[in-house]
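Close look at the chain arrangement
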Amino acid sequence: MTVSQPSAVEVGLMAGRAGYVLRANDRGRFTVASPTLYPHMWSWDAGFVALGIATVSVPRALDELRTLLTGQWATGMIPHILFHSPSDYFPGPERWRTQVAAARPLEVLTSGICQPPIHVIALSRILHDARRRGGTDQQLAEDFVRETFDQWLAWHQYLATARDPYSYGLVEIHHGWESGMDDSPRWDVPYANVHPQPDMPPFVRADLAHVADPSQRPSDAEYARYLWLLEQKVRVRYDDAAYRSTGDFVVGDVLVSALLAAASDLLADMGEELGIGGGSSGGVEQSRAIARRFRTGVLRSVDPDTGLARDLDLRTGNWLEVESAAGFAPLLCGGDEAVTRRQRDLLLGPRWCGHSRLRWPVVPSVSPASADFRERTYWRGPQWPVLNWLMAWALNRSGEQEAANQLRLAGLSQLIDCDFAEYYEPVTGETLGSRDQSWTAAIALDFLAARRPAQRRPVRWLTSELPRITPAQRAAHQAAQHQRAAGHRPAHGHGPATRPQPQQRPG
Ligand code: 9WN
């Protein structure tokens, strides 16, 4: 696979603009997920944002996670949104009505469901970097882990108990939003059993005003189901056990489970290194046990025919057979070398990153070879940089540095127009959804910092807006890329990264 290195100018521009986006979305002690569409703090966004910010400022990155923890419920749950100030985002706190729940935090308004547990993965990366830098950064990061270890453990324990009461080894989700992949075809079958009732309060969507084309967002019918599930949670006062017996949507999510397994191992590692949570019933052992259970659950879900992991519809007991990127869950949590190798080959092969129609060889949310694939529809096919980050991280962790670097490089190339969009049309490379999305900018910073570990250099925040790339400049840039891809490459191969030719990809 030959995606060329971005030039020094492109690297500088991207780093500067990514830094600017995060700065502009910074609200002091937290970062909004995007300036207008998502003007609040989202849980898994915050994890990615923190690791991007850490390339610039470790203290500010730790603050991001510290703020997130102020929203933690007494159950241990970290809610999917923290609402720090009023906005037109819908559904806002008045719809979530979390005051019905005894376990809610008192200092901040939140939603009443959760999102994938990416946070400790981010924290361990931040700690690793801080140690490499040494000095105050290292001290602050280590102190932060000591201070917050029990809170992360409580979060993981919540998922392992309230959300896996029968020890299946799969985290149960109660809403598609909890997966982070809202309208993924993973959920089509379970959502077919979600029937909004006439007594559901009426609603007006706010999201459509913030995107250029409504087809880039879930449909109204999908939204009605999302809000009906929210209503069901309110009616049981956010009690998980009560919801389980009455709610319409109860699914074992493989991606959430794999992240929980990986994060639990990392928490145990940090505990061991820092001498926290020792003893036979301490946090380290508890974390290892959680990691083992969920790793086993994920591996058990692998379809021997496709090699992909599957979600489990806990209402019907049926596996959900969908070719989505969540199928690579075992790559994230490891545990079986043969499965890992098979997943690596699948991921880089022609049904996924190596598919001949892809503009950039990075993971699409759904395989382009699947009948479920939709190029422009949210989690039904577009490429999400955070998923690519997860795949690169997982490959790196399982010793596949070369493959990880290829995904990073291709991911950087995809972001080179500096729009930092929410997601990307996989065939044309067009930017879709929200712009200046915080986690996308954060991924760019992390990818840039990871290019050459020996040369890691902090990126300086910018205090003023860099010139935006105009549509005309972008068109010229893309035309140049196409020309290069067609074989008219400059003699020294520098300049914008180019799409590899199909025969150059691993199969
Ligand atoms: C609902 C913030 C979030 C992401 C999710 C993404 C989208 C929200 C929405 O935006 O979801 O939580 O309103 O569509 O699907 O993954 O965390 O970026």
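Within each chain, residues carry numbers counting from 1 in the order of the written sequence. Local features are withheld for residues below a pLDDT of 70 in this predicted model, meaning they are given only at 70 or higher, and side-chain atom pairs are given and counted only at 80 or more; totals for whole chains, interfaces and linings count all residues. Neither water nor hydrogens contribute to the side-chain values; these are computed over all heavy atoms in the structure.

1. Things to note about the pattern of salt bridges
Stated precisely, the cut-off is as follows: Put simply, a salt bridge is a Lys or Arg side-chain nitrogen that is within 4 Å of an Asp or Glu carboxyl oxygen. Strands are runs of DSSP state E lasting at least two residues, helices are runs of H or I lasting at least four, and both sets are numbered from the N terminus onward.
Applying the stated criterion across every chain yields a total of 40 salt bridges. Note that Asp-188 and Arg-380 form a salt bridge whose closest N and O atoms lie 2.9 Å from each other. Highlighted residues: Asp-188 in helix H7 (residues 188–191) and Arg-380 in the loop between helix H13 (337–348) and helix H14 (385–397), separated in sequence by 192 residues. Among the charged side chains, a salt-bridge network with shared partners connects Asp-265, Asp-269, Glu-272, Arg-288 and Arg-295.

2. Looking at the site of the ligand
Rule in force here: Here, proximity means that at least one heavy atom of the residue falls within 4 Å of the molecule or strand. For this analysis, a polar contact is any N or O atom pair within 3.5 Å, provided that within protein one partner can donate a hydrogen and the other can accept it, and provided that sequence-adjacent residues contribute only side-chain to side-chain pairs. Only the protein chains shown count as cover for residues, and the accessible areas themselves come from Shrake-Rupley with a 1.4 Å probe. Under this grouping Gly is polar, as are all residues other than the nonpolar Ala, Val, Leu, Ile, Met, Phe, Trp, Tyr, Cys and Pro and the charged Asp, Glu, Lys and Arg.
Surveying the vicinity of the ligand reveals 17 residues, the closest of which are Asp-45, Tyr-89, Gly-180, Asp-182 and Arg-217. Between an oxygen atom of the ligand and a side-chain N or O atom of Trp-44, the distance comes to 3.1 Å. At a separation of 3.1 Å, an oxygen atom of the ligand approaches a polar side-chain atom of His-80. Protein burial of the ligand: of its 410 Å² of free accessible surface, 100% is covered by the chains. Partitioning the shell around the ligand into residue classes produces 10 nonpolar, 4 polar and 3 charged.

3. Re unusual backbone geometry
Here is the rule: Under the scheme applied here, a residue whose accessible area is under 20% of the maximum for its type counts as buried, over 50% as exposed, and between as partly exposed, the area being computed with a 1.4 Å probe on protein chains only.
The omega torsion across Phe-90 and Pro-91 is 0 degrees, close enough to zero to call that bond cis. Of note, Pro-91 is situated in the loop between strand S2 (81–83) and helix H4 (93–96). Phi is positive for Tyr-378, which is not a glycine, with a value near 45 degrees. We classify Tyr-378 as buried; its relative accessible area is 2%. The phi torsion at Phe-420 lies on the positive side, around 50 degrees, for a residue other than glycine. With respect to the secondary-structure elements, Phe-420 resides in the loop between helix H15 (401–414) and strand S8 (423–424). Under the relative-accessibility criterion, Phe-420 is labelled buried at 0%.

4. A few points about the sheet that holds strand S4 (residues 171–173)
Here is the rule we go by: We treat two strands as partners when DSSP finds at least two bridges between them. A fitted line through C-alpha atoms represents every axis, and for helices the fit uses only the stretch in contact; the resulting angles, taken between N-to-C directions, go from 0 to 180 degrees.
Read across the sheet, 4 strands follow the order S4-S5-S6-S7 without closing on themselves; strand pairing throughout is antiparallel. Every interior strand has two partners, whereas the edge strands, S4 and strand S7 (318–320), have only one. Mean inter-strand twist for the sheet, computed between neighbouring axes without regard to direction, equals 35 degrees. Where S4 and strand S5 (residues 251–253) come together, 3 bridges link them in antiparallel fashion. When the sheet's bridge partners are listed, Ile-173 is paired in S5 with Val-251.

5. Focus: the confidence of the model for the chain
Put simply, the rule reads: pLDDT runs from 0 to 100 and stands for how confident the predictor is about each residue. Contacts are assigned to residue pairs with any non-hydrogen atoms lying within 4.5 Å of each other.
Summary statistics for the chain give a mean pLDDT of 90 and a share of 89% for residues scoring 70 or more. Across residues 454–467 the pLDDT falls below 50, and counting only partners more than four positions away or on other chains, this stretch makes 24 contacts in the model. Under a pLDDT of 50 for its full length, residues 488–507 has, in the predicted model, 57 contacts with residues more than four places off or in other chains.

6. As for the packing of aromatic side chains
For any pair of aromatic rings, the description consists of the separation of the ring centres together with the inter-plane angle of the planes. Here is the rule: Side-chain rings of Phe, Tyr and Trp (the six-membered ring for Trp) are treated as a pair once their centres are within 6.5 Å; stacked means planes under 30 degrees apart, edge-to-face means over 60, and tilted covers the remaining angles. Working rule: Lys NZ or Arg CZ, within 6 Å of ring centre, within 35 degrees of ring normal, means a charge sits over the ring.
Tallying each qualifying case throughout the model produces 25 aromatic pairs. Ring geometry for Phe-328 against Trp-352: centres 5.0 Å apart, planes inclined by 85 degrees, an arrangement best described as edge-to-face. Of this pair, Phe-328 sits in the loop between S7 and helix H12 (329–333) while Trp-352 sits in the loop between H13 and H14, and the two are 24 residues apart along the sequence. When its relative accessible area of 0% is taken as the criterion, Phe-328 is described as buried. Seen from their ring centres, Tyr-378 and Trp-379 are 6.4 Å apart, and the 75 degrees between their planes marks the pair as edge-to-face. Both residues of the pair, Tyr-378 and Trp-379, belong to the buried class. Every member of this aromatic cluster is reached through a ring pair, and the members are Trp-44, Phe-48, Tyr-378, Trp-379, Trp-384, Trp-389, Trp-393, Tyr-423 and Trp-439. One Lys or Arg, Arg-205, reaches over the ring of Tyr-223 and ends 3.9 Å from the middle of that ring. The ring of Trp-360 is capped by Arg-359, whose NZ or CZ atom sits 4.3 Å from the centre of that ring.

7. Things to note about the packing of helix H5 (residues 119–133) against helix H10 (residues 254–274)
Between two packed helices, what matters for the description is the angle formed by their axes and the separation of those axes. Just so we agree on the cut-off: Here is the rule for handedness: rotate from the far helix to the near one, and if that takes an anticlockwise turn smaller than a right angle the crossing is left-handed, while a clockwise turn gives right-handed.
In contact at an axis separation of 8 Å, H5 and H10 are set at 40 degrees when each is read in the N-to-C sense. The handedness of the crossing between H5 and H10 comes out as left-handed. The residues of H10 that touch H5, namely those facing Val-120, Ile-121, Leu-123, Ser-124, Leu-127 and Arg-131, are Leu-259, Ala-262, Ala-263, Leu-266, Leu-267, Met-270, Glu-273 and Leu-274. Broken down by class, the residue content of the contact of H5 with H10 amounts to 11 nonpolar, 1 polar and 2 charged.

8. Focus on the sheet that holds strand S3 (residues 109–110)
Taken in spatial order, the 3 strands of this open sheet run S1-S2-S3, and their pairing is antiparallel. Since the sheet does not close on itself, it has two edges, and those belong to strand S1 (41–42) and S3, each with one partner.

9. With respect to H5
Note the following rule: To estimate how far a helix should reach, multiply one less than its number of residues by 1.5 Å.
Taking 1.5 Å of rise per residue, 15 residues should cover 21 Å, and H5 covers 21 Å from first to last C-alpha, within 8% of that figure. Within H5, the full set of buried residues consists of His-119, Val-120, Ile-121, Ala-122, Leu-123, Ser-124, Ile-126, Leu-127, Asp-129 and Ala-130. Tucked inside the fold, the buried residues of H5 contact helix H2 (43–53), helix H3 (58–69), helix H6 (135–161), H10 and H14. Remark: Gly-134 follows H5 within two positions and exhibits a positive phi of approximately 75 degrees.

10. Examining the side chain of Asp-311
When you line up the elements, Asp-311 lands in strand S6 (residues 311–313). Take Asp-311: its relative accessible area is 4%, and that puts it in the buried class. For Asp-311, the side chain forms a polar contact with the side chain of Arg-186, separated by 2.8 Å. Not counting chain neighbours up to four residues away, the residues in contact with Asp-311 comprise Arg-186, Trp-187, Val-251, Gly-252, Asp-253, Val-254, Asn-318, Trp-319 and Leu-320.

11. Comments concerning the environment of Arg-342
Summarising the element assignment, Arg-342 is placed in helix H13. Judged by relative accessible area, Arg-342 falls into the partly exposed class, the value being 38%. Sequence separation between Arg-342 and Leu-331 is 11 residues; the distance between their C-alpha atoms is 9.3 Å. Once residues within four sequence positions are removed from consideration, Arg-342 is found in contact with Asp-303, Pro-304, Asp-305, Thr-306 and Gly-307.

12. Digging into the side chain of Gln-115
Inspection of the secondary structure assignment puts Gln-115 in the loop between S3 and H5. Classification of Gln-115 by relative accessible area gives buried; the value is 6%. Looking at Gln-115, its side chain comes within polar contact range of the main-chain nitrogen of Ser-43, at 3.4 Å. At 3.0 Å, the side chain of Gln-115 forms a polar contact with the backbone nitrogen of Trp-44. Not counting residues within four places of it along the chain, the set of residues in contact with Gln-115 comprises Trp-42, Ser-43, Trp-44, Asp-45, Ile-78, His-80, Trp-155, Trp-177, Glu-178 and Gly-180.

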